[in-house]
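Take a look at the letters that make up each chain.
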Amino acid sequence: MDPFARIARPATLGCALAGVALTGCQSETAAPAASGRVSVRDLMKERGLDENDVEAALKTYTRGGKGDDYMIFASGGHGGQVLAIGVPSMRMLKVIGVFTPEPWQGWGYGSQGAKEVLAGGRQEGRDITWADVHHPNLSETEGDYDGKYLFVNDKSSARVAVIDLSDFMTKQIVANPLIGSDHGGAFVDPNTNYIIETSQYPTPLGRDYVPISEYATKYRGLAMFWKFDKQKGRIDEKGSWAVELPPYTQDLADAGKKVSDGYVFINSFNTELATGGILEGNPPLESGASKNDMDYLHIIDWKKAEQLVAAGKTVEIKGVRVLPLQTAAEEGVLTLVGEPKSPHGCDVTPDGTGIVVGGKLDTHATVYEFSKIKDAIAQKRFEGKDAYGVPILGFKDTIRGQVEIGLGPLHTVFDDKGFAYTSVFIETVVAKWSMADMKVVEKLPVHYNIGHIMAAEGDTVSPDGKWVVAMNKMSVDRFSNVGPLKPQNFQLIDASGPKMKLLYDMPIAIGEPHYSQMIAMDKLKPIYKYDVGVNPFTHQPDPHRVEAGKERIERNGRDVHVYMTAIRSHFTPDRVEVNEGDTVHLHITSLEQADDQVHGFSLNMHNINVSLEPGKHENVTFVADRPGVFPMYCTEFCSALHLEMAGYFLVKPASAAL
Ligand code: K7E
Ligand code: CUA
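Note that the coordinates shown come from a computational prediction; the quantities given were computed from them, not determined experimentally.

(A) Summary view of the sheet that holds strand β8 (residues 182–188). Taken together, 6 strands build an open sheet; the order of strands is β8-β9-β10-β11-β16-β15 and the sheet is mixed. On the outer flanks of this sheet lie β8 and β15 (315–317), each paired with one strand and no other. Direction aside, the axes of adjacent strands within the sheet are offset by 25° on average. Looking at chain direction, strand β11 (residues 234–245) and strand β16 (residues 320–323) are connected through 3 bridges and run parallel. Its bridge partner lying in β16, Val 243 is registered against Leu 323. Lying over the sheet, helix α8 (residues 302–310) contacts β9 (194–199), β10 (221–229), β11 and β16, oriented at roughly 105° with respect to β11.

(B) Broad picture of the pattern of salt bridges. As enumerated under the stated definition, the model contains 32 salt bridges in all. Glu 55 serves as the salt-bridge partner of Lys 501, at 3.9 Å between the closest nitrogen and oxygen. Of this pair, Lys 501 sits in strand β31 (residues 501–508) while Glu 55 sits in helix α4 (residues 51–60); the two residues are 446 residues apart in sequence, bridging distant segments of the chain. We classify Glu 55 as partly exposed; its relative accessible area is 31%. When the shortest N-O distance is used, the salt bridge between Arg 558 and Asp 582 registers 2.8 Å. Here the residue Arg 558 occupies a position in the loop between β35 (552–556) and β36 (559–567), and Asp 582 occupies one in the loop between β38 (575–579) and β39 (583–590), the gap between them amounting to 24 residues. Asp 582 gets classed as buried once you look at its relative accessible area, which sits at 0%.

Rules used in this analysis
Residues numbered from 1 in each chain as written. Chains lettered and ligands numbered in written order. Predicted model: local features only at pLDDT ≥ 70, side-chain atom pairs only at ≥ 80, totals over all residues. Heavy atoms only, no water. Pairing = 2+ DSSP bridges. Helix = DSSP H or I, 4+ residues; strand = E, 2+ residues; numbered from the N terminus. Axes fitted to C-alpha atoms, helices over the stretch in contact; angles between N-to-C directions. Contact = heavy atoms within 4.5 Å. Salt bridge = Lys/Arg side-chain N within 4 Å of Asp/Glu carboxyl O. Buried < 20%, exposed > 50% of the residue type's maximum accessible area, 1.4 Å probe, protein only.

Pasting the structure below:
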């Protein structure tokens, strides 16, 4: 075997060969001379740190080789991806390619499997290569994260993606054909029967043209129930259905749990039905939408809806079974209750008995009592109906109470000691309050302007407490300036003691993360490798997998199939010659089985880069439409002879082929 085959050890040799900065390597290998040690006190002085800083550092510093206790899955915002971040180190561990091509993972750069997943995200045949990712939600069993899947929504194009946590790869994207944006999503019910996606800005269902003057009568909201097939780990589009909603602007949503399992709660704003029209002399949408003192919390009895769908009470719109608004109103599927002024967050308490709603323009968090809602519905104690015939419950009749929070309460998460933590946007603080006495006990300033908030398993039936993360919209002066577009800022808060303590600022440099979730690391069981020849998109041995010694090139008319393997430090075959106009099918199997022995396959001029993790099989199809000579090489530094892991792809001109 090649003596330089593994560069990992000794580190100094590997680094020298890899050509990376020697200073980094030396610090790993050279033991600090005792005499060279500086005292902590001197270090503090030199770096201008106080004891608080040192405490924060000691609580978060994580030595190389030691893993983290938790993992955050954060939305990558308009970066269109998902971020995996360790806690307490706040080290970024992976950016998972989701809606947006990502070359390192070969996501959207040749891999046939990735291409098919991304094609699922086409809207009406249009490629949409960015997304506005808002809410990641982990799959749940009995209301607890089970560590198997992660779902995220794309607000801008109304799509939902399924990420498989066995290999941290996106395996499915579905595009909602009915709505023009989503926001309440991707939430799951406690057993992940459904991934719930609710619309934001109303449109005619299916998005066809209807004059905006007919907004009230023809524009609609929607709650989509994507059926999740747990066996296959995929959304079953055929088994999915939706409930038509009034054209209020539905906002955040949460699924009931425990006692409230079977229900979905959705906030709304703009019950005024404002549609803007500044040039036409109307107030801007935002002021038109903020006139009413109350908007409506939507309560959906989805188990009842499911029965009506099964009984065929739906209409089909663009291939989706939709339970009409009138049916939903008459059959008790949809009920409304007032909620104060332009609410935002909607969060069900861990025991499922309360629904906490933050009012952006109100100073309170309102807690609804699920049992009161249920009783009022059962006894038909309605205050009236809205213009669409949807029954409205009495506000006073259904709330547990209101907590005086401060200016601009948004989202709420929970700990294991009966406390709730609400993000307060305008005041830019985290408000910790006791659910027993509905009183704020502490406010912690965060920087700047917190949006979402997240706690360790803090939206499950059994929150862990300990960690809270403030997800701040701005960073202003928190980091060195990188120009006018600055990163958002995650702040890690130690919530284990009686007082919250801010520990760490983490800039997020790829977009605006909205929500995130934090799962205990021991619930995640990602694989280290694929069995040789496995296609990650099917989890099966690929029919075109290549065994060592069986590498070959086969021609079938104008189709050329290249059966290729990759192993340190060569591709076999390493010369491929085809004729101009041939359709080339690369079938590449990595024969590696060692940890982290990854190769990449890139081809000059063809926009191709595929990641070949140990054992993985990838298929790549393209037309050789440019005669010429094109180097192909490995893009992952895999061995001392990585640079030699290369070959030639030659395309003979049509004239020469004759
Ligand atoms: Cu940014 Cu959840 Cu989309 Cu609130 S949402 S902040
Ligand atoms: Cu294989 Cu570098």
